[in-house]
Amino acid sequence: MALLPILEFPDPRLRTVAAPVKEVDDSVRQLIDDMFETMYDAPGVGLAATQVNVHLQVIVIDVSEEKDQPLVFINPQIEILDETLFDYEEGCLSIPGFYEEITRPRHVRVTSLDREGNSFTMEPEGLLAVCIQHEMDHLDGKLFVDYISNMKRQRIRKKLEKQQKARA
Ligand code: GNR
Ligand code: NI
């Protein structure tokens, strides 16, 4: 297992659109294991492969209290089941230290492959629904700051760039 470096906004690589996984093989399972280790270490409730600079449709999530309910999504597809909106204060490991209220559909259906390559469907609501939508945005090269005002986004970009320069 390995901890993977997480790309930070405004790194242009976070804008890459992820390709579907062609075959769920041991190399994909290795990536998944490394992503879980990286996510739990951060700590975070989800991680998309895009964030670790792998541009494949792979997501790991664990929204459980005890951190004992790992979920894997490979090539996920999403449908909105209920247009009712849900506001949640989102954070992102690629935008460390910033939190914004984001509005998304509250009830979705996700069809995906699991780590064995088997198809499954779930219909999450609440935090899990938010998290899956947040992670699927990463696979499309999108970030939660794309939903806020340009002024707020520029402010966040400038602060993060300053921190990144100080570190480099
Ligand atoms: O750890 C995370 N917390 C979180 C909180 C609210 C909405 C979404 C998230 S996902 C985030 C981890 C992350 O950046 N995943 O891409
Ligand atoms: Ni994120």
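Above this text sits the structure in question.
Q: Is there a simple way to explain the coordination of the nickel ion (ligand 2) in this structure?
A: Coordination angles at a metal have ideal targets, namely 109.5 degrees for four tetrahedral donors and 90 or 180 degrees for six octahedral donors. On the protein side, the nickel ion (ligand 2) has Cys92 (SG), His134 (NE2) and His138 (NE2) as donor atoms, found 2.1 to 2.3 Å from it. Along the chain, the residues donating to the nickel ion (ligand 2) are arranged with the sequence spacing C-x41-H-x3-H. Taken as a pair, Cys92 in the loop between β3 (71–90) and β4 (100–113) and His138 in helix α2 (residues 126–139) lie far apart in primary sequence, 46 residues in all. Grouping residues by exposure puts Cys92 and His138 together as buried.

Q: Any chance you could explain the nonpolar core here in plain terms?
A: Buried together is how nonpolar side chains tend to be arranged in soluble globular proteins. Among the nonpolar cores identified, the biggest contains 15 residues, and Val28, Ile32, Met35, Val58, Val60 and Ile74 are the most heavily contacted of them. Every element with two or more residues in this core is listed here: α1 (26–41), β2 (58–61) and β3. For this core, the leading source of residues is α1, giving six residues. In contact with Val28, other than residues within four places in its own chain, are Val21, Glu23, Val58 and Ile74.

Q: Please clarify how the pairing of β4 should be interpreted in this entry.
A: Within a regular beta strand, the side chains point alternately toward one face of the sheet and then the other, so they alternate between its two faces. The pairing of β3 with β4 spans 12 bridges and is classified as antiparallel. When the bridges of β4 are listed, Glu89 appears paired with Glu101. Pairing analysis gives four bridges linking β4 to strand β5 (residues 119–122), with the strands arranged antiparallel. Among the inter-strand pairings, Leu113 is bridged to a residue of β5, identified as Ser119. Adjacent in sequence and paired antiparallel, β4 and β5 are bridged by five residues, among which Gly117 carries a positive phi angle near 90°.

Q: What am I meant to see in the site of ligand 1 here?
A: Residues in close proximity to ligand 1 total 14 residues, the closest being Val45, Gln51, Leu93, Glu135 and His138. Residue Val45 places a main-chain N or O atom 3.0 Å away from an oxygen atom belonging to ligand 1. Within the contact set of ligand 1, an oxygen atom lies 3.1 Å away from a side-chain nitrogen or oxygen of His134. Its free accessible area being 380 Å², ligand 1 has 91% of it covered by the protein chains. Counting residues per element, the ones that place at least two in the shell around ligand 1 are β3 and α2.

Rules and cut-offs
- Residues numbered from 1 in each chain as written.
- Chains lettered and ligands numbered in written order.
- Predicted model: local features only at pLDDT ≥ 70, side-chain atom pairs only at ≥ 80, totals over all residues.
- Heavy atoms only, no water.
- Donors = N, O, S within 2.8 Å, 3.2 Å for Na, K, Ca; no water.
- Helix = DSSP H or I, 4+ residues; strand = E, 2+ residues; numbered from the N terminus.
- Buried < 20%, exposed > 50% of the residue type's maximum accessible area, 1.4 Å probe, protein only.
- Core = buried A, V, L, I, M, F, W, Y, C linked by side-chain atoms within 4.5 Å.
- Contact = heavy atoms within 4.5 Å.
- Pairing = 2+ DSSP bridges.
- Near = heavy atom within 4 Å.
- Polar contact = N/O pair within 3.5 Å; in protein donor to acceptor, adjacent residues only side chain to side chain.
- Areas by Shrake-Rupley, 256 points an atom, 1.4 Å probe, with all protein chains shown as cover.

These values are about where atoms sit, not about what they do.
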